[in-house]
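# Observations on the model geometry
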Amino acid sequence: MGNQSVEILQMGPYPEWDQGPLDAAFTMHRYFEARDKAAFLARIGQSTRGIATRGELGADRATIEALPQLEVISVYGVGYDAVDLDACRERNIRVSNTPDVLTQDVADLGVAMMLAQSRGLVAAEQWVRDGSWSRKGLYPLRHRVFGKKAGILGLGRIGFEVAKRLAGFDMDIAYTDVSAKDYAPDWRFIDNPVDLAAHSDFLFVTLAASAATRHIVGREVIEAVGPQGMIINISRASNIDEDALLDALESQRLGSAALDVFEGEPKLNPRFVELDNVLLQPHHASGTFETRKAMGKLVRDNLIAHFSGKPLVTPVL
Ligand code: 8YV
(Lines give C-alpha, C1' and ligand atoms only; values in the text may rest on other atoms or scores of the structure.)
Protein backbone atom coordinates (compact mmCIF):
# COMPACT_ATOMS: atom_id res chain seq x y z
CA MET A 1 0.00 0.00 0.00
CA GLY A 2 1.25 3.43 -0.88
CA ASN A 3 0.28 6.78 0.49
CA GLN A 4 -0.88 9.70 -1.66
CA SER A 5 0.41 12.17 0.91
CA VAL A 6 3.94 11.01 0.09
CA GLU A 7 5.50 13.03 -2.74
CA ILE A 8 8.10 11.44 -5.02
CA LEU A 9 10.30 13.12 -7.62
CA GLN A 10 10.38 11.01 -10.80
CA MET A 11 13.53 11.62 -12.87
CA GLY A 12 12.54 9.88 -16.13
CA PRO A 13 9.61 8.09 -17.76
CA TYR A 14 8.57 4.49 -16.97
CA PRO A 15 6.38 2.16 -19.03
CA GLU A 16 2.62 2.66 -18.52
CA TRP A 17 2.33 -0.55 -16.45
CA ASP A 18 4.66 1.02 -13.88
CA GLN A 19 3.44 4.59 -14.13
CA GLY A 20 -0.17 3.64 -13.31
CA PRO A 21 0.62 1.83 -10.05
CA LEU A 22 3.13 4.53 -9.03
CA ASP A 23 0.54 7.27 -9.61
CA ALA A 24 -1.99 5.23 -7.62
CA ALA A 25 0.40 4.76 -4.71
CA PHE A 26 2.11 8.15 -4.42
CA THR A 27 1.99 11.73 -5.66
CA MET A 28 4.54 11.63 -8.47
CA HIS A 29 6.28 14.82 -9.61
CA ARG A 30 7.59 14.36 -13.15
CA TYR A 31 10.94 16.12 -13.37
CA PHE A 32 11.50 15.06 -16.99
CA GLU A 33 8.35 16.88 -18.11
CA ALA A 34 9.24 20.17 -16.41
CA ARG A 35 10.43 22.92 -18.78
CA ASP A 36 12.02 25.03 -16.05
CA LYS A 37 13.75 22.42 -13.87
CA ALA A 38 14.97 24.90 -11.25
CA ALA A 39 11.51 26.44 -10.77
CA PHE A 40 10.00 22.95 -10.62
CA LEU A 41 12.44 21.82 -7.93
CA ALA A 42 11.87 25.03 -5.98
CA ARG A 43 8.09 24.39 -6.06
CA ILE A 44 8.08 20.70 -5.00
CA GLY A 45 11.42 20.50 -3.18
CA GLN A 46 10.30 21.29 0.36
CA SER A 47 7.67 18.55 0.50
CA THR A 48 9.25 15.71 -1.54
CA ARG A 49 10.43 12.68 0.42
CA GLY A 50 11.48 10.21 -2.27
CA ILE A 51 13.14 9.95 -5.70
CA ALA A 52 12.27 7.34 -8.31
CA THR A 53 14.98 7.25 -10.96
CA ARG A 54 16.62 5.01 -13.55
CA GLY A 55 20.11 3.55 -13.57
CA GLU A 56 21.51 5.89 -16.18
CA LEU A 57 19.75 8.99 -14.78
CA GLY A 58 20.57 8.57 -11.10
CA ALA A 59 20.35 11.60 -8.81
CA ASP A 60 23.14 14.14 -8.50
CA ARG A 61 24.14 16.19 -5.45
CA ALA A 62 22.31 19.33 -6.64
CA THR A 63 19.02 17.42 -6.94
CA ILE A 64 19.49 15.71 -3.59
CA GLU A 65 20.29 19.04 -1.93
CA ALA A 66 17.18 20.63 -3.44
CA LEU A 67 15.07 18.14 -1.41
CA PRO A 68 15.63 18.75 2.31
CA GLN A 69 12.98 16.13 3.29
CA LEU A 70 14.46 13.42 1.05
CA GLU A 71 14.53 9.97 2.72
CA VAL A 72 14.89 7.41 -0.07
CA ILE A 73 16.04 6.98 -3.69
CA SER A 74 14.69 3.98 -5.62
CA VAL A 75 16.72 3.15 -8.75
CA TYR A 76 15.23 1.27 -11.73
CA GLY A 77 18.46 -0.55 -12.65
CA VAL A 78 21.22 -2.48 -10.95
CA GLY A 79 23.78 0.29 -11.53
CA TYR A 80 23.64 3.17 -9.07
CA ASP A 81 26.84 4.95 -10.12
CA ALA A 82 24.81 7.99 -11.21
CA VAL A 83 23.46 8.46 -7.67
CA ASP A 84 25.70 10.64 -5.50
CA LEU A 85 26.15 8.17 -2.63
CA ASP A 86 28.32 10.57 -0.61
CA ALA A 87 25.49 13.11 -0.61
CA CYS A 88 23.12 10.32 0.49
CA ARG A 89 25.41 9.11 3.30
CA GLU A 90 25.77 12.63 4.68
CA ARG A 91 22.01 12.76 5.30
CA ASN A 92 21.32 9.07 5.89
CA ILE A 93 19.23 8.87 2.72
CA ARG A 94 18.43 5.27 1.81
CA VAL A 95 19.08 3.94 -1.74
CA SER A 96 17.72 0.82 -3.45
CA ASN A 97 18.39 -0.76 -6.86
CA THR A 98 17.03 -3.72 -8.88
CA PRO A 99 19.64 -6.50 -8.77
CA ASP A 100 19.12 -10.16 -9.77
CA VAL A 101 15.94 -9.69 -11.81
CA LEU A 102 17.93 -8.39 -14.81
CA THR A 103 21.07 -10.52 -14.56
CA GLN A 104 20.11 -13.22 -17.08
CA ASP A 105 18.83 -10.84 -19.73
CA VAL A 106 21.93 -8.66 -19.52
CA ALA A 107 24.16 -11.73 -19.83
CA ASP A 108 22.10 -12.98 -22.79
CA LEU A 109 22.52 -9.69 -24.63
CA GLY A 110 26.27 -9.61 -23.98
CA VAL A 111 26.69 -13.07 -25.50
CA ALA A 112 24.35 -12.19 -28.37
CA MET A 113 26.49 -9.12 -29.08
CA MET A 114 29.65 -11.23 -29.17
CA LEU A 115 28.08 -13.70 -31.59
CA ALA A 116 26.49 -11.01 -33.74
CA GLN A 117 29.67 -9.02 -34.13
CA SER A 118 31.92 -12.02 -34.57
CA ARG A 119 29.80 -13.62 -37.27
CA GLY A 120 28.79 -10.30 -38.86
CA LEU A 121 25.03 -10.79 -38.45
CA VAL A 122 24.04 -7.17 -39.05
CA ALA A 123 26.01 -6.85 -42.30
CA ALA A 124 25.01 -10.38 -43.34
CA GLU A 125 21.34 -9.46 -43.01
CA GLN A 126 22.02 -6.46 -45.24
CA TRP A 127 23.81 -8.79 -47.70
CA VAL A 128 20.54 -10.71 -48.09
CA ARG A 129 18.23 -7.68 -48.17
CA ASP A 130 20.19 -5.59 -50.67
CA GLY A 131 20.66 -8.42 -53.16
CA SER A 132 24.42 -8.77 -52.58
CA TRP A 133 23.94 -12.51 -52.05
CA SER A 134 22.65 -13.11 -55.58
CA ARG A 135 24.83 -10.39 -57.14
CA LYS A 136 28.15 -10.96 -55.37
CA GLY A 137 27.83 -14.50 -54.04
CA LEU A 138 28.94 -15.89 -50.71
CA TYR A 139 29.16 -13.67 -47.64
CA PRO A 140 32.78 -12.94 -46.56
CA LEU A 141 34.16 -15.36 -43.97
CA ARG A 142 34.20 -14.36 -40.32
CA HIS A 143 35.98 -15.56 -37.18
CA ARG A 144 34.71 -18.40 -35.01
CA VAL A 145 33.69 -18.01 -31.40
CA PHE A 146 33.64 -21.50 -29.92
CA GLY A 147 36.80 -22.67 -28.22
CA LYS A 148 38.31 -19.17 -28.09
CA LYS A 149 39.58 -17.38 -24.99
CA ALA A 150 37.19 -15.18 -23.03
CA GLY A 151 38.07 -12.71 -20.28
CA ILE A 152 35.46 -11.48 -17.82
CA LEU A 153 36.37 -8.18 -16.18
CA GLY A 154 34.22 -8.26 -13.04
CA LEU A 155 32.88 -11.67 -12.01
CA GLY A 156 29.81 -10.38 -10.17
CA ARG A 157 26.29 -11.60 -10.82
CA ILE A 158 26.25 -10.55 -14.49
CA GLY A 159 29.85 -11.59 -15.22
CA PHE A 160 29.18 -14.99 -13.70
CA GLU A 161 26.13 -15.56 -15.92
CA VAL A 162 28.10 -14.46 -19.01
CA ALA A 163 30.87 -16.94 -18.14
CA LYS A 164 28.35 -19.75 -17.59
CA ARG A 165 26.95 -19.16 -21.07
CA LEU A 166 30.42 -18.98 -22.64
CA ALA A 167 31.29 -22.33 -21.06
CA GLY A 168 28.56 -23.70 -23.32
CA PHE A 169 30.65 -22.55 -26.29
CA ASP A 170 33.65 -24.49 -24.93
CA MET A 171 35.50 -21.25 -24.36
CA ASP A 172 38.61 -21.00 -22.21
CA ILE A 173 37.42 -18.63 -19.46
CA ALA A 174 39.47 -16.33 -17.24
CA TYR A 175 38.40 -13.44 -15.06
CA THR A 176 39.69 -10.51 -13.08
CA ASP A 177 38.08 -9.26 -9.90
CA VAL A 178 39.29 -7.88 -6.59
CA SER A 179 40.00 -11.46 -5.51
CA ALA A 180 39.63 -15.04 -6.75
CA LYS A 181 36.07 -16.31 -6.32
CA ASP A 182 35.42 -19.65 -4.67
CA TYR A 183 32.19 -19.95 -6.66
CA ALA A 184 34.26 -20.10 -9.89
CA PRO A 185 36.69 -22.97 -9.39
CA ASP A 186 36.76 -23.91 -13.09
CA TRP A 187 37.77 -20.49 -14.38
CA ARG A 188 41.23 -18.97 -14.20
CA PHE A 189 41.74 -15.95 -11.94
CA ILE A 190 44.08 -13.30 -13.39
CA ASP A 191 44.81 -10.53 -10.96
CA ASN A 192 45.00 -7.54 -13.31
CA PRO A 193 43.07 -6.24 -16.32
CA VAL A 194 46.07 -5.94 -18.67
CA ASP A 195 47.06 -9.60 -18.27
CA LEU A 196 43.40 -10.61 -18.57
CA ALA A 197 43.15 -8.61 -21.80
CA ALA A 198 46.34 -10.19 -23.19
CA HIS A 199 44.80 -13.60 -22.49
CA SER A 200 41.46 -12.75 -24.17
CA ASP A 201 40.08 -13.02 -27.67
CA PHE A 202 36.85 -11.61 -26.21
CA LEU A 203 37.00 -9.25 -23.24
CA PHE A 204 33.66 -8.74 -21.47
CA VAL A 205 33.36 -5.62 -19.30
CA THR A 206 30.86 -6.56 -16.60
CA LEU A 207 31.99 -4.73 -13.50
CA ALA A 208 29.90 -2.28 -11.48
CA ALA A 209 31.02 1.26 -12.29
CA SER A 210 32.33 3.66 -9.66
CA ALA A 211 34.89 6.45 -9.44
CA ALA A 212 37.49 3.75 -8.76
CA THR A 213 36.77 1.82 -11.98
CA ARG A 214 36.67 4.87 -14.27
CA HIS A 215 38.68 4.08 -17.44
CA ILE A 216 39.83 0.76 -15.98
CA VAL A 217 39.81 -0.31 -19.62
CA GLY A 218 42.36 2.21 -20.87
CA ARG A 219 44.82 2.26 -23.75
CA GLU A 220 47.02 -0.50 -22.33
CA VAL A 221 44.13 -2.92 -21.75
CA ILE A 222 42.61 -2.14 -25.15
CA GLU A 223 45.89 -2.73 -26.98
CA ALA A 224 46.46 -5.93 -25.02
CA VAL A 225 43.17 -7.30 -26.43
CA GLY A 226 44.73 -6.51 -29.79
CA PRO A 227 43.92 -6.51 -33.51
CA GLN A 228 42.29 -9.96 -33.45
CA GLY A 229 40.30 -9.31 -30.28
CA MET A 230 36.91 -7.87 -29.32
CA ILE A 231 35.73 -5.83 -26.32
CA ILE A 232 32.09 -6.22 -25.27
CA ASN A 233 30.71 -3.62 -22.82
CA ILE A 234 27.40 -4.27 -21.04
CA SER A 235 28.27 -2.29 -17.90
CA ARG A 236 28.80 1.48 -18.02
CA ALA A 237 30.63 3.64 -20.55
CA SER A 238 32.80 5.16 -17.80
CA ASN A 239 34.57 1.82 -17.35
CA ILE A 240 36.24 2.36 -20.76
CA ASP A 241 38.38 5.26 -21.97
CA GLU A 242 36.19 5.97 -24.98
CA ASP A 243 38.76 8.12 -26.84
CA ALA A 244 41.37 5.40 -26.49
CA LEU A 245 38.79 2.85 -27.67
CA LEU A 246 37.91 4.93 -30.74
CA ASP A 247 41.60 5.49 -31.57
CA ALA A 248 42.28 1.75 -31.35
CA LEU A 249 39.22 0.81 -33.42
CA GLU A 250 40.09 3.38 -36.10
CA SER A 251 43.70 2.23 -36.34
CA GLN A 252 42.70 -1.43 -35.94
CA ARG A 253 44.99 -1.87 -32.96
CA LEU A 254 41.76 -3.32 -31.54
CA GLY A 255 39.91 -5.73 -33.82
CA SER A 256 36.34 -4.84 -32.88
CA ALA A 257 33.93 -3.85 -30.14
CA ALA A 258 30.31 -4.47 -29.23
CA LEU A 259 28.87 -1.72 -27.02
CA ASP A 260 25.55 -1.22 -25.23
CA VAL A 261 26.63 1.93 -23.35
CA PHE A 262 28.19 5.27 -24.36
CA GLU A 263 29.53 8.42 -22.76
CA GLY A 264 26.77 11.04 -22.92
CA GLU A 265 24.18 8.53 -24.17
CA PRO A 266 21.71 8.63 -25.83
CA LYS A 267 23.96 10.93 -27.88
CA LEU A 268 27.18 9.25 -28.93
CA ASN A 269 30.52 10.29 -30.31
CA PRO A 270 30.00 10.58 -34.12
CA ARG A 271 33.27 8.73 -34.68
CA PHE A 272 31.45 5.52 -33.70
CA VAL A 273 29.01 5.57 -36.59
CA GLU A 274 31.84 5.86 -39.14
CA LEU A 275 33.26 2.51 -38.02
CA ASP A 276 32.25 -0.89 -39.33
CA ASN A 277 34.22 -2.84 -36.71
CA VAL A 278 31.85 -1.91 -33.90
CA LEU A 279 28.35 -3.13 -33.04
CA LEU A 280 26.28 -0.32 -31.50
CA GLN A 281 23.34 -1.08 -29.19
CA PRO A 282 21.00 1.43 -27.46
CA HIS A 283 21.55 0.51 -23.77
CA HIS A 284 18.90 -2.19 -23.78
CA ALA A 285 20.58 -5.17 -22.13
CA SER A 286 17.81 -5.33 -19.50
CA GLY A 287 15.18 -4.49 -22.11
CA THR A 288 12.72 -7.38 -22.07
CA PHE A 289 9.10 -7.11 -20.95
CA GLU A 290 9.70 -9.73 -18.29
CA THR A 291 12.74 -8.06 -16.74
CA ARG A 292 11.51 -4.49 -17.01
CA LYS A 293 8.22 -5.46 -15.31
CA ALA A 294 10.19 -7.08 -12.48
CA MET A 295 12.41 -3.98 -12.21
CA GLY A 296 9.38 -1.68 -12.06
CA LYS A 297 7.82 -3.80 -9.33
CA LEU A 298 11.01 -3.62 -7.28
CA VAL A 299 11.14 0.17 -7.65
CA ARG A 300 7.60 0.34 -6.22
CA ASP A 301 8.11 -2.33 -3.58
CA ASN A 302 11.15 -0.51 -2.22
CA LEU A 303 9.28 2.82 -2.00
CA ILE A 304 6.22 1.17 -0.43
CA ALA A 305 8.39 -0.71 2.08
CA HIS A 306 10.21 2.46 3.09
CA PHE A 307 7.08 4.58 3.50
CA SER A 308 5.43 1.77 5.50
CA GLY A 309 8.32 1.84 7.95
CA LYS A 310 9.79 -1.44 6.71
CA PRO A 311 13.36 -2.19 5.52
CA LEU A 312 14.14 -1.78 1.82
CA VAL A 313 13.71 -4.97 -0.24
CA THR A 314 16.96 -4.51 -2.18
CA PRO A 315 19.02 -1.91 -0.35
CA VAL A 316 22.24 -0.32 -1.58
CA LEU A 317 22.49 2.04 1.40
C1 8YV B 1 18.76 0.83 -17.15
C2 8YV B 1 20.80 -0.18 -16.31
O3 8YV B 1 18.39 1.19 -15.90
O4 8YV B 1 20.43 -1.83 -14.68
C5 8YV B 1 21.09 -0.87 -15.03
O6 8YV B 1 22.04 -0.45 -14.36
O7 8YV B 1 21.55 0.60 -16.77
C8 8YV B 1 19.55 -0.44 -17.07
O9 8YV B 1 18.81 -1.50 -16.62
C10 8YV B 1 17.63 0.66 -18.08
O11 8YV B 1 18.09 1.02 -19.30
C12 8YV B 1 16.39 1.43 -17.73
O13 8YV B 1 16.55 2.78 -17.79
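### Structural notes on the sheet that holds strand 11 (residues 256-259)
In spatial order, the strands read 8-7-6-9-10-11-12; together these seven strands make up an open sheet with parallel pairing. The sheet is open, and its two borders are formed by strand 8 (188-189) and strand 12 (278-280), each paired with just one other strand. Here strand 11 runs beside strand 12; their pairing, made up of three bridges, is parallel. In the strand pairing of strand 12, Leu 259 is matched with Leu 280.

### A few points about helix 5 (residues 103-119)
An α-helical turn contains 3.6 residues, so any two residues separated by three or four positions project in the same direction. For helix 5, built from 17 residues, the straight-helix expectation of 24 Å at 1.5 Å per residue is met to within 8% by its first-to-last C-alpha distance of 25 Å. Extensive coverage of helix 5 is indicated by the burial of twelve of its 17 residues. Those residues of helix 5 lying buried are Thr 103, Asp 105, Val 106, Ala 107, Leu 109, Gly 110, Val 111, Met 113, Met 114, Ala 116, Gln 117 and Ser 118. Looking one or two residues past helix 5, Gly 120 carries a phi angle of roughly 70 degrees, positive in sign.

### Here's the deal with the site of the ligand
Among the 13 residues in the neighbourhood of the ligand, the closest are listed as Val 78, Gly 79, Arg 236, His 283 and Ser 286. Within the backbone of Gly 55, an N or O atom sits 3.4 Å from an oxygen atom of the ligand. At a separation of 2.7 Å, an oxygen atom of the ligand approaches a polar backbone atom of Val 78. Protein contacts shield 92% of the accessible area of the ligand, which totals 330 Å² for the unbound molecule. For the shell around the ligand, the residue count by class is four nonpolar, five polar and four charged.

### Brief notes about helix 8 (residues 157-167)
Buried within helix 8 we find Ile 158, Gly 159, Glu 161, Val 162, Ala 163 and Leu 166. Residues of helix 8 that are buried in the fold lie against helix 5, strand 6 (149-153), strand 7 (172-176) and strand 9 (202-205).

### As for the domain arrangement of the protein chain
On domain assignment, one finds that the protein chain holds domain 1 (7-101 + 290-307) and domain 2 (103-280). Domain 1 and domain 2 are separated by 31 Å when their C-alpha centres are compared. Facing nine residues of domain 1, the contacting portion of domain 2 comprises seven residues. The largest share of the area that domain 1 buries against domain 2 comes from Asp 81, Asp 100 and Thr 291, three residues that together contribute 59% of it. Counting across the interface, domain 1 meets domain 2 through two salt bridges. In this structure, Asp 81 and Arg 236 form a salt bridge, with 3.0 Å as the shortest nitrogen-oxygen distance. Applying the counting rule to domain 1 against domain 2 returns three residue pairs in polar contact (both at pLDDT 80 or more). Partitioned by chemical class, the residues of the side of domain 1 that touches domain 2 number three nonpolar, three polar and three charged.

The rules we used
Residues numbered from 1 in each chain as written. Predicted model: local features only at pLDDT ≥ 70, side-chain atom pairs only at ≥ 80, totals over all residues. Heavy atoms only, no water. Pairing = 2+ DSSP bridges. Helix = DSSP H or I, 4+ residues; strand = E, 2+ residues; numbered from the N terminus. Expected span 1.5 Å × (residues − 1). Buried < 20%, exposed > 50% of the residue type's maximum accessible area, 1.4 Å probe, protein only. Near = heavy atom within 4 Å. Polar contact = N/O pair within 3.5 Å; in protein donor to acceptor, adjacent residues only side chain to side chain. Areas by Shrake-Rupley, 256 points an atom, 1.4 Å probe, with all protein chains shown as cover. Nonpolar A, V, L, I, M, F, W, Y, C, P; charged D, E, K, R; others polar. Contact = heavy atoms within 4.5 Å. Domains from an automatic or database assignment. Buried area = accessible area lost by both parts, 1.4 Å probe. Salt bridge = Lys/Arg side-chain N within 4 Å of Asp/Glu carboxyl O.

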